[in-house]
Amino acid sequence: MSKEEKKVNRRDFLFTASYTVGAVGVGAVIWPMIDQMNPDKAQQALATTEVDISNIEPGKSITVLWRGKPVFLKRRTPEEIAEARAVNMDDLPDPQKDEDRVKEGKDEWLVMLGVCTHLGCVPLKDKGDFNGWFCPCHGSHYDVSGRIRKGPAPTNMEIPKFEFVDSNTIKIG
Amino acid sequence: MSEHEYTPKSKAGKWFNDRLPLLTLGAHLTDYPTPKNLNYWWTFGGILTFCLITQIVTGIVLAMHYVAHADLAFASVEHIMRDVNYGWLIRYIHSNGASMFFLAVYIHIFRSLFYGSYKSPREVIWIIGLMIYLLMMAAAFMGYVLPWGQMSFWGATVITNLFSAIPLVGDSITTWLWGAYSVDNPTLNRFFSLHYLIPFLILGLVVLHIWALHVPGNNNPVGIDIKKPSKDTVPFHPYITIKDAFALLVFMIIFAGFVFFTPNVLGHSDNYIPANPLVTPAHIVPEWYLLPFYAILRSVPDKLGGVILMFSAIFILFVLPWLDTSKVRSAVFRPIYRQFFWILVIDVLMLGYVGAMPAEGIYLVLARVGTIYYFLHFIVVMPVVGYLEKTDPIPMSISEPVLTGGAEPSLARKINDKV
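The notes below deal with the structure included here. Being a predicted model, the structure only gives us computed values, none of them experimental.

What follows concerns the sheet that holds strand β9 (residues 162-166) of chain A. The strands making up a sheet are joined through hydrogen bonds of the backbone, oriented either antiparallel or parallel. Residues and elements named next belong to chain A. Ordered by their spatial adjacency, three strands build an open sheet running β1-β10-β9, and the pairing between neighbours is antiparallel. Two strands close off the open sheet at either side, each with one partner strand: β1 (49-52) and β9. For this sheet, the mean inter-axis angle between neighbouring strands, taken without regard to orientation, is 30°. Summarising the sheet, β1 and strand β10 (residues 169-172) pair through four bridges and their orientation is antiparallel. Within the sheet, the bridge partner assigned to E50 lies in β10 and is K171.

This paragraph deals with the pairing of strand β5 (residues 124-127) of chain A. Residue and element names in this part refer to chain A. As paired elements, β5 and strand β6 (residues 131-135) share three bridges and run antiparallel to each other. Opposite K127, over in β6, you have G132 as the bridge partner. Counting the residues in the hairpin turn of β5 and β6 gives three residues, including G128, whose phi is positive at 90°.

Residues and elements named next belong to chain B. Mapped onto the fold, Q55 is located in helix α3 (residues 44-63). The class for Q55 is buried, based on a relative accessible area of 13%. For the pair Q55 and N96, spaced 41 residues apart in the sequence, the C-alpha separation amounts to 9.7 Å. If we skip the residues at most four places from it in the chain, Q55 touches I93, H94, G97, A98 and F101.

Looking now at the interface of chain A and chain B. Each partner contributes residues to the interface: chain A has 27 residues there, and chain B has 28 residues. Buried area between chain A and chain B, both sides added, is near 2300 Å², and the carbon and sulfur share of it is 63%. If you sort the residues of chain A by the area they bury against chain B, A:M37, A:Q43 and A:L119 come out on top, with a joint share of 27%. Inspection of the chain A/chain B interface yields zero salt bridges. Counting across the chain A and chain B interface gives ten residue pairs in polar contact (both at pLDDT 80 or more). Secondary structure elements with two or more residues in the side of chain A that touches chain B: α2 (41-44), β2 (61-66) and β3 (69-75) of chain A.

In this section: the environment of B:F260. For B:F260, the position within the fold is in helix α10 (residues 236-261). In this structure the C-alpha to C-alpha distance between B:F260 and B:L89, which are 171 residues apart in sequence, comes to 8.3 Å.

Our focus in this paragraph is the pattern of salt bridges. Residue and element names in this part refer to chain A. Scanning the model with the defined rule gives 14 salt bridges over all chains in all. The closest approach of N and O atoms between R149 and D143, which form a salt bridge, is 3.1 Å. Overall, R149 belongs to the buried group, its relative accessible area being 17%. Taken together, the shared-partner salt bridges in this structure form one network comprising R76, R85, D98 and D107.

The subject of this paragraph is the environment of B:G217. Summarising the element assignment, B:G217 is placed in the loop between α9 (185-214) and β2 (233-235). As a C-alpha pair, B:G217 and B:A165 span 52 residues in sequence and 42 Å in three-dimensional space.

Such a bond, covalent and formed between the sulfur atoms of two cysteines, is termed a disulfide. Residue and element names in this part refer to chain A. Taken as a whole and judged by the stated rule, the model has one disulfide over all chains. The disulfide partner of C121 is C137, and the S-S distance across this bridge is 2.1 Å. The S-S bond linking C121 to C137 shows a torsion near -95°; that makes this disulfide left-handed. With C121 in the loop between β4 (109-113) and β5 and C137 in the loop between β6 and β7 (140-143), the pair connects residues that are 16 residues apart, well separated along the chain. Across this residue pair, the class does not change: C121 and C137 are buried. Here C116 stays free of any disulfide, with the sulfur of C135 as its closest cysteine sulfur at 3.8 Å.

Right, let's get into the side chain of B:H377. Within the fold, B:H377 resides in helix α15 (residues 361-388). Setting aside its immediate chain neighbours within four residues, B:H377 contacts B:Y337, B:F340, B:F341, B:L344 and B:M382.

Parameters and conventions
- Residues numbered from 1 in each chain as written.
- Chains lettered and ligands numbered in written order.
- Predicted model: local features only at pLDDT ≥ 70, side-chain atom pairs only at ≥ 80, totals over all residues.
- Heavy atoms only, no water.
- Pairing = 2+ DSSP bridges.
- Helix = DSSP H or I, 4+ residues; strand = E, 2+ residues; numbered from the N terminus.
- Axes fitted to C-alpha atoms, helices over the stretch in contact; angles between N-to-C directions.
- Buried < 20%, exposed > 50% of the residue type's maximum accessible area, 1.4 Å probe, protein only.
- Contact = heavy atoms within 4.5 Å.
- Buried area = accessible area lost by both parts, 1.4 Å probe.
- Salt bridge = Lys/Arg side-chain N within 4 Å of Asp/Glu carboxyl O.
- Polar contact = N/O pair within 3.5 Å; in protein donor to acceptor, adjacent residues only side chain to side chain.
- Disulfide = S-S within 2.5 Å.

Spelled out as structure tokens, the structure:
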């Protein structure tokens, strides 16, 4: 009896060891199959875009493409900045100060992803109930700072990583 | 499977059949005892098989001319329309074929709902059917992306962004689906690959669907268990094949009507504008067959909530056999459930209508009412009505009410009307 038990234990060990090695092997093959779907090196290489902003008048904005997504660059008027800063934080679904959405000393420049945080459409400028942007797909209203005010979008429009290369050029990414 | 043993007549046939019993399978499919009271609502299984084969054949041909690249896809579809011999015909059959496929599958699903075909012992047939339906939606969505027009691009953007609602890992999953930082060439490429794959997965599931059907046999309009074969059954061939063929011909007339007279009526003119990642069309609307779910998505003012509710609307159907507590299958004998069934039909049609309208004002109110009823129907109405309802008397066999009038002539007439 004890001899038989020992045999069974030895077999159990072999089963467990085989399953373990098999699982590791399967995992090692599955991961490349999954990861190949992530952005490739060519996509990652498009990571930065430089934009000339010298021609943008106050109150106007331009849209540029960065990583396949639109980026809004808006040169805001002093009135618009004042309007964005006068907003009560309690009125914001995703509270964020306007000061935290721009570079210090460059308050007139709002640089943000022109992508609605609901389902990814491009909001229309100078539309909606809050003097900012309005997404035509599912009716999200953004204010002059690109913050969500009304509608299904959960968060403010995203601010990408960017810097001023010189006074006329912005590098996004 | 078959009750009687089958022996091929020829010697060669017997030799082959002993090694691979394909002829036995053929005999089973020919003789398969089918309830003799099946009405025309039962012809949509055959129609759906036709739709699947049509999509596969036209799709393979289109893939010989289509180029899955963001810079070339739109032009290659126009090339198919203008230059390829009969390309316009093949593409219009394929694009309208998708709509006809969904039209047939919705009738097929509501047939099951009315006659209780999802109930024991046919739960597995029902679940496989729903898996086919899910794959159909995935295939249709990806196929709609391939022409790379404005609706293709923005439809793809909105649908893939549904996954960004998942907490914590949502954005990573969306980027992984895209293979880029937005819907872009890698997305188009993989959608083409999967769009080509999915119909064959559906074909495999169709085989399982029919296999699972042939174990208990067909449900029927009176929804009772029948002996097979018996006075209540007829062989599948020629009785059912000829009926299916006639229904298919009528269906093909409607199909051809769309293809030849109004091939673009079910599409959106925006999709004849090449994809532009900088401009979203003013009204993004999915294809008509997804509109009820789109209405449910938009009825919720919260991103994650809307996405969860939309997926729940589909997945709740998987547990339907266990939500329905009634012992009677067919709604013919369920006077209360029958009324709720028609309310559900109207509710889904209304959701489809408001899904195409802007999400504001009265449409938003209707979408919310419709969504609430949709879920109430399955979660509350089905279990409670099944429990409380006093059902009408059920005939002992199919022959009884049809041939003799049974014990209750009024009942017999009623069934006759339905049949």
